[in-house]
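# Geometric and topological summary
If you want the building blocks of each chain, they are given just below.
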Amino acid sequence: MSEEPTRLYLALETLDRAAHRRGDVEWIQEQLSNSAHFIFAWRERNLFSVGPEKRPLFLDGPGPEIPPNPIFLGIRPKGGSLFAADLSARPTEEDALTSLSLSTDQARFIPLRQFDGPLSAEDRALLFYARSLTHWQGEQRFCNRCGSPTLPEEAGHVMGCTNPSCAAKHFPRTDPATIMLVHNGDYCLLGRQPSWPEGMYSTLAGFVEPGESLEEAVFREVKEESGVEVKNIHYFGSQPWPFPQSLMFGFIAEAATKEITRGAELEDVRWFHVSEAREILRKLAGRFPHLDTIARRLIRHWVNSKTEEKR
Ligand SMILES: [Zn+2]
């Protein structure tokens, strides 16, 4: 069974971003008063229904009170526009829920990584998208050129400086990071951070530095964290990782050297036989079951390719 690395990360079928509509203030206003659905956030948490059926709550039009500065996400395939709205100005979670006519028996604001119910790939993509933008807006309330307050423009996709002599436009930020499965025959290289649950290992990963290509970042990170040098670096696929604002670029690379010298960031790094890697996969699946992380997909892809080889 071969894996399609990029398939699940595409939200195209879930939403038309309709970027050309963002500047059309009248049209956006019309959407808000007629056919809007909302993804609500409160202090980096998302809204989920609780009780027997746990699921993300995308609410239809918030009633008479439209929350301040909703961000236009796009048009849903069956019609209706989707917006993200941040209720972080509400002092408590209960207050934020009350503003939506909900009680804590019906819904809660839960950190996305801690949600323990099922999540479809489509809903995950939408929550990631909404989360990226609400987080960025919260961080960009002031101009980082002149320090004046900013205000949302382009339906929330630009934050414009309110100082007329500056008038800088600020755009959403995404920080590139690399994540890589390094293999050597029947072994792959996995490491663990001190903060992770016991026995948990995963692929190596690290941020891309300014002036660096993705491939250079892969080579440097693996070398820094494990002492191993890699060759034949191939792109695998990508995944947004809005914790808070990364885009993970997945790679598969072959080990050119085998000896391990552990770097300062990891508690342990070592070679795992394919049978041990299968065990690690099970553990990783229990960690963020609803997020199907690219780390899992990389390891799964490699384990499956080794299994096929043996047939
Ligand atoms: Zn400014």
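Report follows, based on the coordinates. Quick caveat, the model's predicted, so the values are computed rather than measured.

## Looking at the side chain of Ser246
Along the polypeptide, Ser246 turns up in strand S15 (residues 246-255). For Ser246, a relative accessible area of 9% corresponds to the buried category. What Ser246 contacts, discounting residues up to four positions off in sequence, is Thr174, Asp175, Phe207, Pro240 and Trp241.

## As for the coordination of the zinc ion
Surrounding the zinc ion are the protein donor atoms Cys143 (SG), Cys146 (SG), Cys161 (SG) and Cys166 (SG), which sit 2.2 to 2.4 Å from the metal. Classification of the site at the zinc ion rests on its four donor atoms, whose angles at the metal span 99 to 113°, yielding the label tetrahedral. Ordering the donors of the zinc ion by residue number gives the pattern C-x2-C-x14-C-x4-C. For Cys143, a relative accessible area of 4% translates into the label buried. Look at Cys146 and you get partly exposed, because its relative accessible area is 35%.

## Looking at the nonpolar core
In this structure, Ile39, Leu73 and Ile299 are the most contacted members of the largest nonpolar core, which totals 46 residues. Those residues within four positions of Ile299 in sequence are excluded, and the remaining contacts are Leu181, Leu190, Thr203, Ala277, Ile280, Leu281 and Leu284. By size, the runner-up hydrophobic cluster in this structure holds 22 residues, among which are Ala18, Leu57, Leu87 and Leu97.

## Brief notes about the sheet that holds strand S10 (residues 169-170)
The three strands are arranged S8-S9-S10 in an open sheet whose pairing can be described as antiparallel. Across the chains shown, the open sheet's two edge strands, defined by having one partner strand only, are strand S8 (150-153) and S10. Strand direction decides the pairing type here: S8 and strand S9 (residues 158-161), joined by four bridges, are antiparallel. Its bridge partner being in S9, Leu151 is matched across the sheet by Gly160.

## Observations regarding the packing of aromatic side chains
Within a pair of aromatic rings, the relevant descriptors are the distance that separates the centres and the angle that separates the planes. Considering all chains together, one arrives at 12 aromatic pairs under this definition. Geometrically, the ring pair formed by Trp241 and Phe243 is edge-to-face, given 4.7 Å between the ring centres and 65° between the ring planes. With a relative accessible area of 13%, Phe243 lands in the buried category. Each member of the aromatic cluster is reached from another via a ring pair, and the members are Trp27, Phe38, Phe40, Phe72 and Phe83. The side chain of Arg17 reaches across the aromatic face of Tyr129, ending 3.7 Å from its centre. The ring of Phe272 has Arg270 sitting right over it, with the charged end atom 3.9 Å from the ring centre.

## A closer look at the pattern of salt bridges
With the rule as written, the count across this model stands at 22 salt bridges. Between Arg108 and Glu93 there is a salt bridge whose closest N-O contact spans 3.0 Å. On the criterion of sequence distance, the pair formed by Arg108 in strand S7 (residues 107-110) and Glu93 in helix H2 (residues 93-98) is long-range, its members being 15 residues apart. Note on Glu93: relative accessible area 11%, which makes it buried. With a shortest N-O distance of 3.2 Å, Glu221 and Arg220 are connected by a salt bridge. Members of the salt-bridge network, linked through shared partners, are Glu209, Glu212, Arg220, Glu221 and Glu224.

Rules used throughout
Residues numbered from 1 in each chain as written. Predicted model: local features only at pLDDT ≥ 70, side-chain atom pairs only at ≥ 80, totals over all residues. Heavy atoms only, no water. Helix = DSSP H or I, 4+ residues; strand = E, 2+ residues; numbered from the N terminus. Buried < 20%, exposed > 50% of the residue type's maximum accessible area, 1.4 Å probe, protein only. Contact = heavy atoms within 4.5 Å. Donors = N, O, S within 2.8 Å, 3.2 Å for Na, K, Ca; no water. Tetrahedral: all angles 85-135°; square planar, octahedral: opposite > 155°, others 65-115°. Core = buried A, V, L, I, M, F, W, Y, C linked by side-chain atoms within 4.5 Å. Pairing = 2+ DSSP bridges. Phe/Tyr/Trp six-rings, centres within 6.5 Å; stacked < 30°, edge-to-face > 60°. Lys NZ or Arg CZ within 6 Å of the ring centre and 35° of its normal. Salt bridge = Lys/Arg side-chain N within 4 Å of Asp/Glu carboxyl O.

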